[in-house]
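As a plain string of letters, each chain reads:
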Amino acid sequence: MTVAPATTAREDVGRLYRSRLSKGRATLGELFGGHVEVASEGAWVTTADGGRFLNCGGYGVFLTGARHPTVLRYVTEQLHSHPVATRLFLEPQAALAADALVSVAPPGLERVHFAGSGAEAVETAIKVARTQGRTRLIAMESCYHGKTMGALSLTAREVFQNPFRPLLPDITHVPYGDTASLAEALAAAPGEACVFVEPVQGEAGVVIPPPGYLREVERLCREHGALLVLDEIQTGMGRLGSWWGADAEDVRPDLLLVGKGLSGGVVPVSAVLSTPEAFSVLDRDPYLHTSTFSGAPLATAAARGALAAIQEDELVDRARVLGDEILNVLGRIVRAHYGNGVREVRGRGLLLGVEFTEPGAAGDLLIELIEHGVVANHSLNSHLVLRLTPPAVLTRGDLDFLYEALDRACRAQSARYGR
């Protein structure tokens, strides 16, 4: 039996957002057309008035699309048997999900801690670093690691940080891709540092580091006795056309953060994978870092389903192939309409970005794409970049729709920003 919302009317939902949730969020929803989403399947979202939108957004969550049948099967079976555990007894779903995750992780990562969001995974990594005496945190300029207090201390954007100061002390930010600056920061804190880095900076506007960068970051961490944390919350689980961004350079971090795609687009869940050495203190005392819903059976069933779906449908390879095609066509379309108004079209796998030269162009194209039936994303740390994170389950018909919508949307906006 389906329980329908009490109301789906645009005016009613907007009023409730404004009076009960957030006036700002209500205004943002109106800016994007005031649509009320009520259903989803595969690559498509349906609104209350019957509209259908190709979902190339979702901030990296929907690699498997919405409501993938394999993920639904795992979650439904668990929902009807045992969705939340007592936390006193041993429970199989968390153990099985951890084992499945370790089986596809970079070598050496053998311990798993489950959480509910990417920011919680970052908080866990900060605490693990503290247990190992690494109290000086180093992150990259323009990085994004979340907005809880510890994660926000790493996230390098003052507009998010300033209302909540003071944040955590002893944090240094160095330029992304600049190993000389990182070496200098590490040399100033031998044996005391923990480095957080994204294989590709998603919220910074799909910034791809120079070849060999991650490998050199790892080498510098080893040289100076620092822990290395790879934040793969957005880039992992096949998003880049490989299981992990670490795979491209055979990097072996001390901790690896997973989220977004781990949910299978069904139940929020995140995880921290760790070496036994880094996890040693939490390994001995399970009460030092806990959360009521950490490792909940329903969430870890979703994680198992997501891992199974990716493997069964070969979505990692498909993300690579689709990404190469979309990047090529995307570049051709936007350059044809915007000309020198486009600074760069870049991406890896199904994490794609278009950087414009003029403020406003990315936001206007985002809104225009919605008008033409495509959901994309803005980049929180770069107002010049339109970001696409499409699912790896796109069909040929979906791709044709995407390309036609892109062409029409760019044509509509090019008079303002193009040639």
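Residues numbered from 1 in each chain as written. Predicted model: local features only at pLDDT ≥ 70, side-chain atom pairs only at ≥ 80, totals over all residues. Heavy atoms only, no water.

Where an unreviewed UniProt entry is consulted, the protein appears under the name Aminotransferase class III-fold pyridoxal phosphate-dependent enzyme, with the organism given as Streptomyces tauricus. Check the Cofactor (unreviewed entry) section of the UniProt entry for the protein; it says "pyridoxal 5'-phosphate". (UniProt positions renumbered as here; feature names shortened; annotations may be inferred.)

Any chance you could explain the overall build of the protein here in plain terms?
Counting its secondary structure elements, the protein contains 14 helices and 15 strands. Summarising its shape, the C-alpha atoms of the protein cover approximately 55 × 55 × 45 Å along the three principal directions. In the protein, which comprises 419 residues, the proportion classed as buried is 52%. Sequence separation of 24 or more characterises 73% of the internal contacts of the protein that already satisfy a separation of 6 or more. Accessible surface computed for the protein: about 18400 Å², of which carbon and sulfur atoms make up 53%. Put simply, the protein has 39 plus and 48 minus side-chain charges, and the middle of one group is 4 Å from the middle of the other. (Helix = DSSP H or I, 4+ residues; strand = E, 2+ residues; numbered from the N terminus. Buried < 20%, exposed > 50% of the residue type's maximum accessible area, 1.4 Å probe, protein only. Contact = heavy atoms within 4.5 Å. Areas by Shrake-Rupley, 256 points an atom, 1.4 Å probe, with all protein chains shown as cover. Lys, Arg positive; Asp, Glu negative; His and termini not counted. Charge placed at Lys NZ, Arg CZ, Asp CG, Glu CD.)

When you look at unusual backbone geometry in this model, what are you seeing that I'm missing?
Trans peptide bonds make up most of the peptide bonds, and negative phi angles are found at most residues other than glycine. Cis peptide bonds are those with omega within 30 degrees of zero, and the linkage from Arg 165 to Pro 166 qualifies with 5 degrees. Its location among the elements puts Pro 166 in the loop between helix 7 (158-161) and strand 6 (171-174). Located in the positive-phi region is Ser 142, a residue other than glycine, with phi close to 70 degrees. Tracing the chain through its elements places Ser 142 in the loop between strand 5 (136-140) and helix 6 (149-154). Owing to a relative accessible area of 33%, Ser 142 belongs among the partly exposed residues under this scheme. For Glu 314, which is not glycine, the phi torsion reads 55 degrees and is therefore positive. Assignment of secondary structure puts Glu 314 in the loop between helix 11 (297-312) and helix 12 (315-338). With relative accessibility at 55%, the residue Glu 314 sits in the exposed group.

Even after reading the chapter, I still don't get the sheet that holds strand 12 (residues 351-356), so can you show me in this structure?
Within a sheet, each strand pairs with its neighbour through backbone hydrogen bonds, oriented either parallel or antiparallel. Strand order in the open sheet formed by 4 strands is 11-12-15-14, with antiparallel pairing between adjacent strands. The two strands at the open ends of the sheet, each matched to only one other strand, are strand 11 (342-348) and strand 14 (377-379). For this sheet, the mean angle separating the axes of adjacent strands, direction not counted, is 25 degrees. As paired strands, strand 11 and strand 12 are joined by 6 bridges and run antiparallel to one another. The partner of Arg 346 across the bridge, within strand 12, is Gly 353. Against the sheet, helix 12 makes contact with strand 11, strand 12 and strand 15 (382-388), and its axis sits at roughly 170 degrees relative to strand 11, the strand it touches most. (Pairing = 2+ DSSP bridges. Axes fitted to C-alpha atoms, helices over the stretch in contact; angles between N-to-C directions.)

What should I look at first to understand the packing of aromatic side chains in this one?
Centre distance and the angle of the planes are the two values used to describe a pair of aromatic rings. For the structure shown, the criterion picks out 4 aromatic pairs. With a centroid separation of 5.1 Å and 65 degrees between ring planes, the pair formed by Trp 44 and Phe 401 is classed as edge-to-face. Of this pair, Trp 44 sits in strand 2 (residues 44-47) while Phe 401 sits in helix 14 (residues 396-417), placing them 357 residues apart in sequence. Accessibility expressed as a relative area gives 13% for Trp 44, which makes it buried. (Phe/Tyr/Trp six-rings, centres within 6.5 Å; stacked < 30°, edge-to-face > 60°.)

Is there a simple way to think about empty space enclosed by the protein in this case?
The gaps of empty space that remain are located by a probe, the size of a water molecule, rolled over the atoms. Using the criterion set out here, one finds 2 cavities of 30 Å³ or more in the structure. Computed from the structure, the largest cavity encloses a volume of approximately 40 Å³. The class makeup of the residues in the lining of the largest cavity is 6 nonpolar, 3 polar and no charged. Lining the second largest cavity, in full, are Gly 60, Leu 63, Ile 233, Gln 234, Gly 236, Met 237, Arg 239, Gly 259, Lys 260 and Gly 261. Taken together, the residues that form the lining of the second largest cavity break down as 3 nonpolar, 5 polar and 2 charged. (1 Å grid on protein atoms, 1.4 Å probe; cavity = no way out; pocket = protein on both sides within 12 Å on 5 of 7 lines; lining within 4 Å. Points joined across faces, edges and corners; volume = space filled by probe spheres on them. Nonpolar A, V, L, I, M, F, W, Y, C, P; charged D, E, K, R; others polar.)

What's the story with helix 12 in this structure? I'm lost.
Since the α-helix advances by 3.6 residues per turn, residues separated by three or four positions end up pointing in the same direction. With 24 residues, helix 12 extends 32 Å from end C-alpha to end C-alpha; this agrees with the ideal 34 Å at 1.5 Å per step. Backbone geometry just after helix 12 places Gly 339 at a positive phi near 55 degrees. (Expected span 1.5 Å × (residues − 1).)

Would you explain the pairing of strand 5 in this entry?
Residues in a regular strand project their side chains so that they alternate between the two faces of the sheet. Where burial is concerned, most of strand 5 is hidden: 4 out of the 5 residues are buried. Bridge count between strand 5 and strand 7 (residues 193-197): 3 bridges; the pairing is parallel. Counted as the bridge partner of Arg 136 is Ala 193 from strand 7. Bridging between strand 5 and strand 6 involves 4 bridges; their strand directions are parallel. Note that in strand 6 the partner of Leu 137 across the bridge is Ile 171.

How should a nonpolar patch on the surface be read in this particular structure?
Together, Leu 88, Phe 89 and Tyr 287 line one region of the surface with nonpolar side chains, adding up to about 470 Å² of accessible area. Counting through the fold element by element, Phe 89 comes out in the loop between helix 3 (69-79) and helix 4 (92-104). We classify Phe 89 as exposed; its relative accessible area is 66%. (Patch = residues over 30% accessible without salt bridge, like charges linked within 9 Å, V, L, I, M, F, W, Y side chains within 5 Å. Salt bridge = Lys/Arg side-chain N within 4 Å of Asp/Glu carboxyl O.)

How should I be thinking about the nonpolar core in this particular structure?
When a protein is soluble and globular, its nonpolar side chains tend to lie buried together. Of all hydrophobic cores here, the largest spans 111 residues; its most connected members are Leu 101 and Met 237. With 10 residues, the single largest contributor to this core is helix 12. Not counting chain neighbours up to four residues away, the residues in contact with Met 237 comprise Leu 63, Leu 101, Trp 243, Trp 244, Val 258, Gly 261, Leu 262, Ala 306, Leu 307 and Ile 310. (Core = buried A, V, L, I, M, F, W, Y, C linked by side-chain atoms within 4.5 Å.)

Explain the environment of Thr 290 here, please?
On the secondary structure map, Thr 290 appears in the loop between helix 10 (280-284) and helix 11. The exposure class of Thr 290 is partly exposed, given its relative accessible area of 47%.

Looking at this structure, how should I read the sheet that holds strand 8 (residues 227-231)?
The 7 strands lie next to each other as 4-10-9-8-7-5-6, forming an open sheet whose pairing is mixed. At either end of the open sheet lies a strand with only one pairing partner, and these are strand 4 (111-115) and strand 6. Each adjacent strand pair in this sheet contributes to an overall mean axis angle of 20 degrees, direction not counted. Relative to strand 4, helix 4 is tilted by about 120 degrees, and along the sheet it contacts strand 4 and strand 10 (270-274). In the packing of helix 9 (residues 213-223) onto the sheet, the strands contacted are strand 5, strand 7 and strand 8, and the crossing angle to strand 8 comes to about 150 degrees.

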